[in-house]
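Fold and contact review
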Amino acid sequence: MATHSITFHPSNKKNSSTTGSLLTEAVRDAGLDLAQPCGGQGRCGRCAVIVESGNVRRRSTIRLSASDLEAGYALACQAVIEGDAAILIPEQEAVERRLVTDKTARKVEVPFAYDPIRDQTIRAFDLTLDPPTLEDSTDDISRLERALAAQGIFNLDVPLPLLRALGSKLRDAEWNVTAIIETDHWKRNTPRLIDVNPSGLKDPKGLDVYGIAIDIGTTTVSVYLVNLITGEAIDTAAEYNGQINRGEDVISRIIYANKNGGLSELGNLVRKTINDVIDRLASRNHVDRKQIYKATVSGNTTMMHLFAGLPPASIRLTPYIPIVNHPAPLLAADLDLNIHPLATVDLLPSVASYVGADITAGVLASGLSEADELTLFIDVGTNGEMVLGTKDWFVTCACSAGPAFEGAGVVCGMRATRGAIEEVWINTQTFEPTYRVIGDVKPKGICGSGLISLVAELFITGVVDKGGNFIVGAGLAPALARRVREGEHGGEYVVAWANETDMARDIVITKVDIDNLMRAKAAIYAGFTVLAQSVGVDLADVQKLLVGGSFGKYINVEKAVQIGLLPDMQWERFNFLGNTSVLGAYMALLSRDARSKIKAIAEKMTYIELSADNTFYDSFTSALFLPHTDMTKFPSVEAIWDNKEKQEVW
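Presented here is a report on the structure given in the accompanying data block.

Definitions and cut-offs
- Residues numbered from 1 in each chain as written.
- Predicted model: local features only at pLDDT ≥ 70, side-chain atom pairs only at ≥ 80, totals over all residues.
- Heavy atoms only, no water.
- Helix = DSSP H or I, 4+ residues; strand = E, 2+ residues; numbered from the N terminus.
- Rg over C-alpha atoms; globule rule 2.2 N^0.38 Å.
- Buried < 20%, exposed > 50% of the residue type's maximum accessible area, 1.4 Å probe, protein only.
- Contact = heavy atoms within 4.5 Å.
- Areas by Shrake-Rupley, 256 points an atom, 1.4 Å probe, with all protein chains shown as cover.
- Lys, Arg positive; Asp, Glu negative; His and termini not counted.
- Charge placed at Lys NZ, Arg CZ, Asp CG, Glu CD.
- Pairing = 2+ DSSP bridges.
- Axes fitted to C-alpha atoms, helices over the stretch in contact; angles between N-to-C directions.
- Parallel < 35°, antiparallel > 145°, perpendicular 65-115°, else oblique.
- Nonpolar A, V, L, I, M, F, W, Y, C, P; charged D, E, K, R; others polar.

A separate point is the overall build of the chain. What the chain contains, in helices and strands, is 17 helices and 26 strands. Whereas a compact globule of 650 residues would reach a radius of gyration of roughly 26 Å, the chain reaches 28 Å, a difference of no more than 12%. Counting only C-alpha atoms and orienting by the principal axes, one finds that the chain spans roughly 105 × 65 × 45 Å. In the chain, which comprises 650 residues, the proportion classed as buried is 56%. The long-range fraction of contacts in the chain, counting pairs at least 24 apart against all pairs at least 6 apart in sequence, stands at 68%. Accessible surface, the chain as shown: approximately 26,800 Å² in total, 50% of it carbon and sulfur. In the chain, which carries 63 positive and 80 negative side-chain charges, the distance between the mean positions of the two groups comes to 3 Å.

Structure follows, in structure tokens:
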């Protein structure tokens, strides 16, 4: 097969590609980065490049306008190399993180009364061994085992890499050592030696023992650095998941993983993200990474598969079965984690393809597992996972909400980073918007929370009807006519004019955007409904509604109710908890009892596959309106509309 020379600008990097290769493959082989939020399916249009010269065939132009084609644009994931070419890669959208900078705010208090001797599986034993003599020819490992037996540790498992180094470690420490032991594990019944270091008598840091709790989110990776002696999370940090540019939702990443080299690439990207965060935490807290002896990992089922290098293809194929729900413990060296190579990496249990460890950990952290009253726990993101129950029983399901809540799949959508409009208010008389922007800068686009707020305001002020259609016609108020117009994607409302933005173009919300959000919120609400119906209760019977996930912290309850995303109930019943996944992982890191509880939670859950439930489609269709076809389910919104109609009559 013929090979061709491809030159990329502005980097001037070159590589050779064979006839029929995709441009995205050539970009990757050249060591360059290119955003592919849809996983290379040609849906998002974000991998557009300019073909400056050469022979490149465009398989699809659905996301490109006539002017784009005239300017030489091509979607790299849909462009096939058929000859030498020069390609210009436009500047990629920077992913900026929102981090807490106050050091005290990064600490997390121990969530329960912590006793390391009772609760912790990683223990440090300060030992003084009798040096060998001509009269005492006991071998090194038996000498160590003899000292540990006096501490109640028997039947020690010693990994081969450590056995090879044991002799020199004992002698260099002059027989005064700290033995790091994993006393037990939910799948290991015998104690395991992790390391032998100079003891506190020789090295004051010899007794320092650390662990990390990790949440691998589809969007964000969060890590807690934990002192396993005190139990305190001494520092926390987060970073955008490096996989984002290969797919903004789990389905896109599963598809990308199935491509040539995709699985390995996605695994490397997320592990690099985790290692970068670990390096940051270790550096600013002066912690030796080799003194991190344990990690607990939470995340949705797809993220857990990609992290461990397991092919996730079966997750999206009927009957939606993952490779494993309860993974066995792994070693850090097997996963290239930049901590002690013999550290245990505990992947928390999932329930099904779309109900992962983030939910089992979240049920523990949220308190649902101890609740006496009927409680609904939800985690809203690209997927909507939910659990209904009490401490005695749980029923769970998941629905595909799509990436709208993350700002993707929206014409002017973006992640919740600097420059994103995160909340909007519309004047009922002038229909002019007021908005708040992350970072107090000129806006670049609209993030998920801003989209919810904006659609709610458009509905409450009468700019759109219950079907999400823009109100148009001869009777349209002049003030509104200034903002509502016909665009490339149908009707649209101008949120910010070009001269007000950082992008020098109007920021709008379109009818297509509203439809995407309505489908996402309808799927979430239908999931609640099916869960309640499955156990013969009404949503009105729910006494507590717990919202997990980082996105939940930014949801305006009133606006979420007004569009029908959340059920209409007294506000005091809502509790927004933030990242319950990483908190659950933290609890499991500290306590063998908490880890056992998460396992029991996973085993206790009854999973409902919505695609096989005939009632889901009916519930979904009923929720495809603002806020719902049955307004009696939303009395607070109905009251607003009744009052609005009275004012119009007057």
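Reading across the sheet, the five strands line up as β2-β1-β5-β3-β4 and stay open at both edges, with mixed pairing between neighbours. With one partner strand each, in any of the chains shown, β2 (13-18) and β4 (73-75) form the two edges of the open sheet. Along the sheet, successive strands turn relative to each other by an average axial angle of 50 degrees, direction set aside. Looking at chain direction, strand β3 (residues 48-58) and strand β5 (residues 79-88) are connected through seven bridges and run antiparallel. Paired with G54 across the strands is A85, a residue of β5.

In this section: the packing of helix α9 (residues 357-366) against helix α14 (residues 580-590). Look at α9 against α14: their axes get within 7 Å of each other, and the N-to-C directions meet at 75 degrees. Classified by the angle between their axes, α9 and α14 sit roughly perpendicular to one another. Where α9 abuts α14, its residues D358, A361, G362, L364 and A365 lie against T580, S581, L583, G584, A585 and M587. Residues belonging to the contact of α9 with α14 are distributed by class as follows: six nonpolar, four polar and one charged.

The residue E232 is located in the loop between β10 (220-227) and β11 (233-240) in this model. Spatially, the C-alpha atom of E232 lies 38 Å from that of D541, the residues being 309 residues apart in sequence. When neighbours within four sequence positions are excluded, E232 is seen to be in contact with K107, V108, V110, L225, V226, N227 and Y586.

Read from one edge of the open sheet, three strands run β19-β18-β20, paired in mixed fashion. Each having just a single partner strand, β19 (433-437) and β20 (445-446) make up the two edges of the open sheet. As defined by bridge partners, strand β18 (residues 420-426) adjoins β19 across five bridges and the pair is classed as antiparallel. Counterpart to I426 in the pairing with β19 is P433. Taken strand by strand, helix α10 (residues 448-460) contacts β18 and β20, and its axis lies near 15 degrees from that of β18.

What follows deals with the pairing of strand β15 (residues 375-380). For β15, the buried fraction is high: six of the six residues fall into the buried class. In terms of strand pairing, β15 meets strand β16 (residues 383-390) through six bridges, oriented antiparallel. Opposite F377, over in β16, you have V387 as the bridge partner. As paired elements, β15 and strand β24 (residues 544-548) share five bridges and run parallel to each other. Bridge assignment links D379 to a residue of β24, and that residue is G548.

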